[in-house]
Amino acid sequence: ISERASSSSSKGPKSFGGGKRISGLDRPVRDMAIGASHAAFLTDDGECYCLGSNRCGECGADPVVQGSATACRRIRFPRHVNPVARVGCGRSHTIAVGAEGQVLAWGDDSKIQ
């Protein structure tokens, strides 16, 4: 996910050394959130990707068909929601906030989260 900084005196955010690329995610990540067993990534162009357990649909797929996302899975939103501005993860659910304030959530809602 991260790239090494070209010089230690460079201005701008410092990257973490030793990062690794994740399958299915080819854009720079500007935000991420981590749940109990899944993660959501927001790329620099406002796309949302999820990875990990999908037992409750927290990675945006039907859990009966796909119990986990072993590679980053792009979440498709209605056209009016793109670009995504923020992502968040709960224990077994994921939330995205669109650039104009729209809120979408998916995954476990057994506690009305």
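Before reading on, note that the structure itself is shown above.
Residues numbered from 1 in each chain as written. Predicted model: local features only at pLDDT ≥ 70, side-chain atom pairs only at ≥ 80, totals over all residues. Heavy atoms only, no water.

### So, the pairing of strand E3 (residues 48–53)
In terms of residue burial, E3 counts as a mostly covered element, since six of its six residues are buried. Where strand E2 (residues 38–43) lies against E3, five bridges are found, and the strand directions are antiparallel. Bridge pairing links Ala 40 to Cys 50 in E3. Where E2 hands over to E3, the hairpin turn is made up of four residues, of which Gly 46 adopts a positive phi near 85 degrees. (Buried < 20%, exposed > 50% of the residue type's maximum accessible area, 1.4 Å probe, protein only. Helix = DSSP H or I, 4+ residues; strand = E, 2+ residues; numbered from the N terminus. Pairing = 2+ DSSP bridges.)

### Looking at the sheet that holds E3
Taken in spatial order, the four strands of this open sheet run E1-E2-E3-E4, and their pairing is antiparallel. Single-partner strands in this sheet number two, and they are strand E1 (29–34) and strand E4 (68–75). Strand-to-strand twist in this sheet, taken as the mean axis angle between neighbours without regard to direction, amounts to 15 degrees. Direction of pairing for E3 relative to E4: antiparallel, over a ladder of five bridges. Counted as the bridge partner of Cys 50 is Arg 73 from E4. (Axes fitted to C-alpha atoms, helices over the stretch in contact; angles between N-to-C directions.)

### Here's the deal with the pattern of salt bridges
Here the structure, examined in full by the defined rule, presents four salt bridges. Its salt-bridge partner being Arg 27, residue Asp 44 comes within 2.9 Å of it at the nearest N-O pair. Of the two residues, Asp 44 sits in the loop between E2 and E3 while Arg 27 sits in the segment before E1, which places them 17 residues apart along the sequence. The partly exposed category is assigned to Asp 44, whose relative accessible area is 37%. Note on Arg 27: relative accessible area 38%, which makes it partly exposed. Put simply, Asp 31 and Arg 86 hold a salt bridge, and the shortest N to O gap is 4.0 Å. In this pair, Asp 31 sits in strand E1 while Arg 86 sits in strand E5 (residues 84–89), placing the two residues 55 residues apart along the sequence. Of the residues examined, Asp 31 reaches a relative accessible area of 24% and is grouped as partly exposed. A single network of salt bridges, built from pairs that share partners, joins Arg 27, Asp 44 and Asp 45. (Salt bridge = Lys/Arg side-chain N within 4 Å of Asp/Glu carboxyl O.)

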